[in-house]
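Coordinates in review
One letter stands for each residue in the lines below.
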There are 2 protein chains.
Amino acid sequence: MRLTTRGRYAVTAMLDLALNIKKRPVTLSEIADRQGISQSYLEQLFSKLRKKGLVDGTRGPGGGYKLGRSAALISVGDVISAVNEPVDATQCGGQKNCRGENPCLTHDLWQELSLQIQNFLSGVSLKELMDKESKNSGAKAPLTSLTPIHMQVNSAIKTSVF
Amino acid sequence: MRLTTRGRYAVTAMLDLALNIKKRPVTLSEIADRQGISQSYLEQLFSKLRKKGLVDGTRGPGGGYKLGRSAALISVGDVISAVNEPVDATQCGGQKNCRGENPCLTHDLWQELSLQIQNFLSGVSLKELMDKESKNSGAKAPLTSLTPIHMQVNSAIKTSVF
DNA sequence: CCTATAACCAAGTAATTTAGTCAAGAATAG
DNA sequence: CTATTCTTGACTAAATTACTTGGTTATAGG
């Protein structure tokens, strides 16, 4: 799981798409204009998103993109991993023969952690983010926690460990 | 919060350090050798880790690095953000004047999500990862979940949403 | 004091990734 | 037929990452 500005662009664009689609598909030039991202760069990102089935494109006038499935069924993790090349964290490629003494020990731990992050991001859907937005639209209150429940549990664990 | 191979190197090295320190400090050449990372690259990473107080270095023969504080008090988030330059996600720099129509809308949402990831990674300490390791050392059982509790809650949320 | 060790520091470089440009082609609504 | 919009590919500039080189300081042990 990699997390760079590239993934941020993709999530931002997908959110823009999800929020602005009413009836007509949303064009890339609209998104590019609203979010200040190069259209051609968006084209590359959406090419990958389309291949993963996260968006559907229709050509011609009145065309554009729409979500490949319900926003509730698209996770942030889906979007981010769609636009990133898969990385193998271990230099031995899954074999445990890296070193003699401590073979891939910390690699396994990182792999495990990486999986946890992946799981976390798979637990946040576009719909949750959209709902968050609509709840705060027009209001002056700052954005609060997205998914309070497991965050509270998490901080409970944290305080119990410390 | 950025998440690249750079952060992986840092976490891996910190884990190696935490696992292999018994009485003597651990030298970078040891870590470099065990983990297959360039020593000079480690020096750069540890320079940043030291400036954040995450490690203490002692020079001369018998010298090396030790943890700046208890492994229970060092989170994975600490390590990762220590070796990365801070990024401002918005191109307007906190001002809400990016666009006319949808000012920084999705930016706010990304900011919120980014904060969540940060919180999540702040909830996982080096000690948790170490304990995970020692529990599985010598055993053939595969690694299971690190922090089962909030993961279970998380998946519960997920299934309730879907 | 001398020497080896190992942290510290800084500049530069190769490789990779990111972000963007440019130039086409293909589908389709009107 | 034409304008629109996706789709594709190749190419380029910028940024980041990973690594190299060549030092300097501090210190333990002889």
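You'll find the structure just up there.
An account of the accompanying structure is given in this report. Note that the structure is a prediction, hence the values are computed from the model and not measured.

1. Regarding the pattern of salt bridges
The tally for this structure, following the rule as stated, stands at 12 salt bridges over all chains. A salt bridge links Asp 131 of chain A to Lys 127 of chain A; its shortest N-O distance comes to 3.0 Å. Taken together, the positions of Asp 131 of chain A and Lys 127 of chain A, both in helix H6 (residues 126-136) and four residues apart, correspond to about one turn of that helix. Lys 48 of chain B is paired through a salt bridge with Glu 85 of chain B; the nearest N and O atoms lie 2.6 Å apart. Taken together, the residues span a long stretch of sequence, with Lys 48 of chain B in helix H3 (residues 39-51) and Glu 85 of chain B in the loop between helix H4 (76-83) and helix H5 (105-122) at a distance of 37 residues. According to the relative accessible area criterion, Lys 48 of chain B is partly exposed, its value standing at 23%. When salt bridges with common partners are traced through the structure, they connect Asp 16, Glu 30 and Arg 34 of chain A into a single cluster.

2. Description of the protein's contact with DNA strand C
In the vicinity of DNA strand C there are 26 residues, among which Thr 5, Ser 40, Tyr 41 and Gln 44 of chain A together with Tyr 65 of chain B approach most closely. Among atoms of DNA strand C positioned within 4 Å of the protein, sugar and phosphate together represent 64%. At a separation of 3.3 Å, a phosphate oxygen of DNA strand C approaches a polar side-chain atom of Ser 38 of chain A. Interatomic distance of 3.5 Å between a backbone N/O atom of Pro 61 of chain B and a base oxygen of DNA strand C. Secondary-structure elements contributing two or more residues to the surface near DNA strand C are helix H1 (5-20) and helix H3 (39-51) of chain A together with H3, strand S1 (55-58) and strand S2 (64-67) of chain B. Of the residues contributing to the surface near DNA strand C, the split by class is seven nonpolar, 13 polar and six charged.

3. Some points on the side chain of Arg 34 of chain B
All names here are of chain B. Assignment of secondary structure puts Arg 34 in helix H2 (residues 28-35). Using a relative accessible area of 12% as the deciding quantity, one classes Arg 34 as buried. Polar side-chain contacts of Arg 34 include one of 2.8 Å to the side chain of Asp 16.

4. Let's talk about the protein's contact with DNA strand D
Around DNA strand D, 26 residues are found, and the nearest of them are Tyr 65 of chain A together with Thr 5, Ser 40, Tyr 41 and Gln 44 of chain B. In the interface set of DNA strand D, defined as its atoms within 4 Å of the protein, sugar plus phosphate atoms amount to 67%. Between Arg 50 of chain A and DNA strand D, the recorded distance is 2.7 Å, taken from a side-chain N or O atom to a phosphate oxygen. Going through the elements one at a time, H3, strand S1 (55-58) and strand S2 (64-67) of chain A together with helix H1 (5-20) and H3 of chain B are the ones with two or more residues in the surface near DNA strand D.

5. A few points about the packing of aromatic side chains
The full count for this structure, using the stated rule, is five aromatic pairs over all chains. Arranged with centres 5.8 Å apart and planes meeting at 90°, the rings of Tyr 9 of chain B and Tyr 41 of chain B form a pair that is edge-to-face. Of the two residues, Tyr 9 of chain B is situated in helix H1 and Tyr 41 of chain B in helix H3; the sequence distance between them amounts to 32 residues. Taking the relative accessible area as the measure of exposure, Tyr 41 of chain B reaches 23% and is therefore partly exposed. The interplanar angle of 50° and the centroid separation of 4.8 Å between the aromatic rings of Phe 46 of chain B and Tyr 65 of chain B together place this pair among those described as tilted. Pair noted here: Phe 46 of chain B is in helix H3 and Tyr 65 of chain B is in strand S2, with a separation of 19 residues, a long-range link. We classify Tyr 65 of chain B as buried; its relative accessible area is 15%. Here the guanidinium or amino end of Arg 8 of chain A rests over the ring plane of Tyr 9 of chain A, the centre of that ring lying 5.7 Å away.

6. Points about the pairing of S2 of chain A
Residues and elements named next belong to chain A. Bridge count between S1 and S2: four bridges; the pairing is antiparallel. Following the sheet pairing, Thr 58 is matched in S2 by Gly 64. Between the end of S1 and the start of S2, which pair antiparallel, lie five residues, with Gly 60 showing a positive phi angle near 80°.

7. Things to note about the nonpolar core
Residues Met 14 and Phe 46 of chain A together with Met 14 and Phe 46 of chain B are the most contacted members of the largest nonpolar core, which totals 81 residues. Discounting chain neighbours no more than four positions away, the residues touching Phe 46 of chain B are Ala 13, Leu 17, Leu 28, Ile 31, Val 55 and Tyr 65 of chain B.

Rules behind the numbers
Residues numbered from 1 in each chain as written. Chains lettered and ligands numbered in written order. Predicted model: local features only at pLDDT ≥ 70, side-chain atom pairs only at ≥ 80, totals over all residues. Heavy atoms only, no water. Salt bridge = Lys/Arg side-chain N within 4 Å of Asp/Glu carboxyl O. Helix = DSSP H or I, 4+ residues; strand = E, 2+ residues; numbered from the N terminus. Buried < 20%, exposed > 50% of the residue type's maximum accessible area, 1.4 Å probe, protein only. Near = heavy atom within 4 Å. Polar contact = N/O pair within 3.5 Å; in protein donor to acceptor, adjacent residues only side chain to side chain. Nonpolar A, V, L, I, M, F, W, Y, C, P; charged D, E, K, R; others polar. Phe/Tyr/Trp six-rings, centres within 6.5 Å; stacked < 30°, edge-to-face > 60°. Lys NZ or Arg CZ within 6 Å of the ring centre and 35° of its normal. Pairing = 2+ DSSP bridges. Core = buried A, V, L, I, M, F, W, Y, C linked by side-chain atoms within 4.5 Å. Contact = heavy atoms within 4.5 Å.

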